[in-house]
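Structural overview
Residues per chain are reported as follows:
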Amino acid sequence: MEFGPGFWGPIVATIVMLLGAGFACLMLLGSRKISKVRPSIAKRSTYGCGEEVKPEEVIADSEQFYSPIRRVFKPFYRYIQPGHSGKLNTYLLWVVIGFIAILVAIALVLR
Amino acid sequence: MIEIPPIIAIVLPLFGAFLTPIIATISRRYDAERKVCGWFTVAITIAMLLTVASMGARIWGGEVIVYRLGGWSPPWGIVLAVDGLNLLIALIVAGVSSLVAIYSLVYMRRDTRIDLYCALLLLVTAGAMGITLTGDLFNLYVFFEIMSISSYALVAFRRKWDSVEAGIKYMIIGSLGTSLILLGIALLYGMVGSLTIADLAQKLGQIAPSDVVVPLALLVTGFGIKIAMIPLHAWAPDAYQAAPSSISALLAGATTTAGLYAMIRVVYMMFGAFGVGTIFAIFGLVTMVLGALMALTQRDLKRLLAYSSISQMGYILLGVGFGTALGFQGSLFHLLNNAIFKALLFMCAGAILYRVGTTNLDELGGLGKNMPITAGLFAIGALAISGVPPLNGFASKWTIYIAGIEAGKAVFSLIAIIMSVLTLAYFLKAINSIFLGQRPKRLQNVEEAPLTMLFPMMLLAVLCIVLGVLPSLGIDLVAPAQGAIMNQSGYIHAVLGGI
Amino acid sequence: MSLNYVVAMLLIALGLYCLLLKRNLIKMVIGLGVMTDGIHLFLISMGYREGGIAAIVPAGMLQDNVAAGFASAAVDPIPQALVLTSIVINICIVALALSMAIWVYHHYGTLDPSEVRRLRE
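Residues numbered from 1 in each chain as written. Chains lettered and ligands numbered in written order. Predicted model: local features only at pLDDT ≥ 70, side-chain atom pairs only at ≥ 80, totals over all residues.

**Section: the overall build of chain B**
Just so we agree on the cut-off: Helix and strand definitions follow DSSP, with helices as H or I runs of at least four residues and strands as E runs of at least two, each counted in order from the N terminus. Partly exposed residues are those falling between the two cut-offs: more than 12 but fewer than 20 other C-beta atoms within 10 Å of their own, whereas 20 or more means buried and 12 or fewer means exposed, with C-beta atoms placed from the backbone. Our contact criterion uses C-beta atoms placed from the backbone: two residues qualify when those atoms are within 7 Å.
Helix and strand counts for chain B stand at 20 helices and two strands. Relative to its 499 residues, chain B shows a buried fraction of 67%. In chain B, the share of contacts with a sequence separation of at least 24, taken over all contacts with a separation of at least 6, comes to 81%.

Next up, the structure:
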C-alpha cells in the first residue's frame, strides 16, 4: 500500500500545505504594508444583512456554534438528539431494539 | 515446552491488584501510601508491557504461542493462544495502561482512597489482557466481566452526583450486555458441546449457517454494547464525561480495543461469517454519522471527546465491514491510532480539568498563553484524529477510503470523508473555545500542567508524528494481525494440533 | 424436559420486562437478577440427562471399566461449573449495583430513573 497514487504521499502533501500557508502569510503581510488599516464605526459594527443586530446576539455559545450545520441536518436534530433523554429505561429499550435489528439483519444475510 | 509469557502477562496485574491493599496498609504506617501504590502500579504495568513485547519476535516470525493451563490439552482444558492479532491488541492494551498509570501518579493527587483506585486499575488491565490472550470462550466471558465490573466501579469513583448517575447507567446497560453474551455462549455449548475457540471454529464449520443466527446475534449485541455501536451506545457519553480523566483514557484506549478484538475473533475466526461484513459496514456508517453530528453541539469537552470516540469506532467497524485485506489493515491501523490519539486527547482534557476545575467550553477561553504545551499537544491530537497529514490519522483513514473504493462501495468512502471534515469542524470549535480567544479574568493565574502528567502525553504525541511520517511502520505492525484474521485454519491447527 | 426450557425463557422474559418497564432502580436490579437466573436454569437444563447420576465416580464403579459406563450415565459437569462461576460474578454485580443505588438516593433523593437524568443529550 503506497500512501498516495504516485506523487502525493504524506510528506509531499505536508510540504505543499506548509508552502501554501507560508505564501498566504506573505500575501497578508504584504497587503498590510501596501494599505494601512483604517478603522471606522461603520467597519467595526456587525453586518446583519441590513437588519439591526444587538451585540449579545452575535457571539454564539458552544451549543449554537454550528447553527448552519444544524439547519442542514434538521431531521436529525429534531428527533434523534432529544431522543438521548437521559432516561435509563429508554436506553435499555434501544438495546433490545438493537438486538432485534441485528438478529433480523444476520438472519437475512446468513440464510 | 511450557510457554511462560502469556500467563505471566495476565498473572502480573491480577496478583498486583490483590497485593495493592496489603502494600497500602503497610505503607500507611510510614505515611507514604500514595507514592508506594502509584509507583507499584507503574512498575507492574511496565513489567507487563515488557513481557508482551518479548513475545513479539517469535509471533512476527509466524508462530502461534499456546499455553495450556494445568497441562490439560484443548478441548478439555483452557488454553491461552497468542497469534499476530492477539499480540497487536495486547501491545495496545499494555501500552495504554502503563501510560495511564504514569499519568495517574499526579492526576489523582487530590483524591482519597488511592489504594482502591490502583487495585481497580490493575484489575481492568488484567481483565483486558485476559480477553486478548485467551483461547477459550467462557474464559473470555469471565475476563470480560472482570474488566467490566472494575470499570463500573472506576467510573463512579469520585461518588459525586454525575459519577454515580453515569456509573449506574453504565452498570445496568453493561450487565444486560454481558447477560446476553452468557446466553449466546449457553446456546453455542448446547449446539456443539465445546468451549475452546479453535475447537468451536472447527465444529461450527460443519453445521449449516442458518442454525447459528441467534447465538451470533446475541454475541454481536453483547460485544457491541462494550464498543458503543449504535444503538447500544447510550452509556458512553455519560461514562466518559463523569469518570476521572485517566479512567476515560483507559476506557477509550484499552477496554474498547479489547471489546473490538473479542468481536472480531468471535465473528470472523470462530463463526467464519465473512458475509456479516455488510452489516458491520452499515452499522459502522450509522455510528460514524451519529457520533460526529452529536459531537457538533456539545457544551462539555469530555462529552465531545466521548461522541468523537463513538464516531472513530464507526470508522473501524466500516473498515472491518469491507472484508478485504486492505480493509482489515486499515481498520486495525486505525484501532492502533485511535488508542494513541484518544488517550492523548483525554489526558489533555484531564490536564485542563486539573488546573482549571471545569471542562465547560463556555467558561474556558484563551488558555493558550497559560498552557502552551498542553495546547500544542491537544492540537496535534485534534489534527491527527481529523486525518490531516503528516499525522497518523491520515494514513489509517486513507487506507480505509482506498479499501472502500476497491471493494466497490465508494459511497461509504464519500460519507466517511464528509464525516472527517465534520470531525475537524468540532475539534476546531473545541480548540478555539479553550485555547484561543479571550481569557476570562478568573483564569489569569492558571499554570501549565505538571511534568509527570505531560510526559505520557508527549510520548503519545511523538508516536502520532512518527506513525504519520512513516506510515509503512504502522502497516508493518498491523500486517501480521491482518494475516492472522484471514488464516483461520492455521490458528486451529496450531491450537489443537499439539495434542 | 422441555418444561425447564419454557420456564427459563419465561424467567428471561420477565427479567427483561422488569428492566424495561419498572420505575425503580431496585426493581431493575431485581429484574437483572431474575434474568440471569433464567439463563442459569437454561444452562443447567442443557447438561441434564434423564435418570443420570451426579458426575462423581461412585466407589462401586472404580474396579470395572469406568469410562464407558460412567460417561453414558453421568450428567454433564461443565454447565454446572459455568453456572457456579456465573453466580459468583452476579453476586459482584448485584452488590455493586445496590451500593451505587444507595449513592444515587443520597445525591438525588429518589430512585426513579426518569428523575435521575441531569446528564442528557
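**Side note on the overall build of chain C**
Inclusion rule: The quantity called the radius of gyration is restricted to C-alpha atoms. Its globule counterpart is 2.2 Å times the number of residues to the power 0.38.
Counting its secondary structure elements, chain C contains four helices and zero strands. Helices (α) and strands (β) of chain C occur, in sequence order from the N terminus, as α-α-α-α. A compact globule built from 121 residues would reach a C-alpha radius of gyration of about 14 Å, whereas chain C, at 21 Å, exceeds it by more than 25%. Taking the principal axes of its C-alpha atoms as reference, chain C extends roughly 70 × 25 × 20 Å. Taken across its 121 residues, chain C has 27% of its residues classed as buried. Put simply, 57% of the contacts in chain C that link residues at least 6 apart link residues at least 24 apart.

**Some words on the interface of chain A and chain B**
Every contact between the two is made by 33 residues of chain A and, on the other side, 43 residues of chain B. Counting residues per element, the side of chain A that touches chain B draws most heavily on helix H6 (residues 88-109) of chain A, which supplies 14 residues.

**What about the confidence of the model for chain C?**
Applicable threshold: Each residue carries a pLDDT score, the predictor's own confidence in it, on a scale running from 0 to 100.
Model confidence for chain C is summarised by a mean pLDDT of 89, while 94% of its residues fall at 70 or above. Reported confidence for the predicted complex is 0.95 by ipTM and 0.93 by pTM.

**Concerning the nonpolar core**
Residue and element names in this part refer to chain B. We count it as follows: Remark: nonpolar core denotes a set of buried Ala, Val, Leu, Ile, Met, Phe, Trp, Tyr and Cys residues whose joining runs through C-beta atoms within 7 Å.
With 251 residues, the main nonpolar core has Ala343, Leu344 and Cys464 as its most contacted residues. Counting residues per element, this core draws most heavily on helix H14 (residues 325-356), at 18 residues. Contacts of Ala343, omitting those with residues within four sequence positions, involve Val96, Leu99, Ala249, Ala252, Gly253 and Leu460.

**Focus: the packing of helix H11 (residues 245-270) of chain B against H14 of chain B**
All names here are of chain B. The condition that has to hold: Throughout, an axis means a line fitted to C-alpha atoms (over the contacting stretch in the case of helices), and angles, computed between N-to-C directions, take values from 0 to 180 degrees. In this scheme, roughly parallel covers angles under 35 degrees and roughly antiparallel covers those over 145, while 65 to 115 is roughly perpendicular and the rest are oblique. Each crossing gets its handedness from the near helix: less than a right angle anticlockwise from the far helix is left-handed, clockwise is right-handed. When residues are grouped by polarity, Ala, Val, Leu, Ile, Met, Phe, Trp, Tyr, Cys and Pro land in nonpolar, Asp, Glu, Lys and Arg in charged, and all others, Gly among them, in polar.
One can describe the packing of H11 onto H14 by two numbers: an axis separation of 7 Å at closest approach and a directional angle of 165 degrees. One finds that H11 runs roughly antiparallel with respect to H14. Note that H11 runs across H14; the crossing there is right-handed. Here H11 contributes Ser245, Ser246, Ser248, Ala249, Ala252, Gly253, Thr257 and Leu260 to the contact with H14, which in turn contributes Leu335, Ala339, Lys342, Ala343, Phe346, Met347, Ala349, Gly350 and Leu353. Broken down by class, the residue content of the contact of H11 with H14 amounts to 10 nonpolar, six polar and one charged.

**Quick notes on the environment of Asp111 of chain B**
Tracing the backbone through its elements, the reader meets Asp111 of chain B in the loop between helix H4 (84-107) and helix H5 (114-133). If near-sequence neighbours (up to four positions away) are discounted, Asp111 of chain B is found in contact with Tyr117 and Arg158 of chain B.

**Comments concerning H11 of chain B**
All names here are of chain B. Quick reminder of the rule: Expected helix span is given by 1.5 Å per residue-to-residue step, counting one fewer step than there are residues. The quantity called bend is, for any residue, the angle between two axes fitted respectively to the seven residues ending at it and the seven beginning at it.
Helix length check: H11, at 26 residues, gives a terminal C-alpha distance of 35 Å against a target of 38 Å (1.5 Å per residue), a fit within 8%. Along H11, the sharpest change in direction is near 35 degrees and occurs at Leu251. With 26 of its 26 residues buried, H11 lies for the most part within the structure. With its phi angle positive at about 65 degrees, Gly272 sits one or two positions after the end of H11.

**A few points about the environment of Val142 of chain B**
All names here are of chain B. For Val142, the location among the structural elements is in helix H6 (residues 137-155). On the basis of neighbour counts, which here come to 19 C-beta atoms within 10 Å, the residue Val142 falls in the partly exposed class. For the pair Val142 and Met371, spaced 229 residues apart in sequence, the C-alpha to C-alpha distance is 43 Å.

**Regarding the environment of Asn337 of chain B**
In this fold, Asn337 of chain B is placed in helix H14. Not counting residues within four places of it along the chain, the set of residues in contact with Asn337 of chain B comprises Asn392, Gly393, Ser396 and Leu467 of chain B.

**As for helix H1 (residues 2-21) of chain C**
The periodicity of an α-helix, 3.6 residues per turn, causes residues three or four positions apart to be oriented the same way. Formally: In this context, the arc is that of the directions from the helix axis out to the C-beta atoms.
With 20 residues, H1 of chain C extends 28 Å from end C-alpha to end C-alpha; this agrees with the ideal 28 Å at 1.5 Å per step. When we look at burial in H1 of chain C, the residues that qualify are Ala8, Ile12, Gly15, Leu16 and Leu19 of chain C. Down the axis, H1 of chain C shows its buried residues gathered within 100 degrees of arc, on one side only. Relative to its buried face, H1 of chain C has exposed residues pointing more than 90 degrees away, namely Ser2, Leu3, Val6 and Leu10 of chain C. Buried residues along H1 of chain C sit in contact with H6 of chain A, helix H7 (161-192) of chain B together with helix H2 (25-46) of chain C.

**Concerning the packing of H6 of chain B against helix H4 (residues 77-108) of chain C**
For the pair H6 of chain B and H4 of chain C, the least separation of the axes is 11 Å and the interaxial angle reads 10 degrees. Judged by the inter-axis angle, H6 of chain B sits roughly parallel to H4 of chain C. Of the residues in H4 of chain C, those touching H6 of chain B at Phe138, Val142, Glu145, Ile149, Tyr152 and Ala153 of chain B are Leu82, Thr85, Ile89, Cys92, Ile93 and Leu96 of chain C. Of the residues in the contact of H6 of chain B with H4 of chain C, the class split is 10 nonpolar, one polar and one charged.

**Some words on the pairing of strand S2 (residues 79-82) of chain B**
Residues and elements named next belong to chain B. Where we set the bar: By definition, two strands form a pair when at least two bridges between them are found by DSSP.
With burial as the criterion, each face of S2 is covered, one bearing Val79 and Ala81 and the other bearing Leu80 and Val82. The pairing of strand S1 (residues 65-68) with S2 spans four bridges and is classified as antiparallel. Following the sheet pairing, Val66 is matched in S2 by Ala81.

**Notes on unusual backbone geometry**
Residues and elements named next belong to chain B. Between Ile230 and the following residue, Pro231, the backbone shows a cis peptide bond with an omega angle of -5 degrees. With respect to the helices, strands and loops of the structure, Pro231 is situated in the loop between helix H9 (213-227) and helix H10 (235-242). The amide bond that connects Pro389 to the next residue, Pro390, takes the cis arrangement and shows omega of 5 degrees. In this fold, Pro390 is placed in the loop between helix H15 (372-386) and helix H16 (392-406). Of note in the backbone geometry, Arg113 takes a positive phi value of approximately 55 degrees without being a glycine. Along the chain, Arg113 falls in the loop between H4 and H5. The backbone of Ala228 sits at a positive phi, close to 60 degrees, despite the residue not being glycine. In this fold, Ala228 is placed in the loop between H9 and H10.

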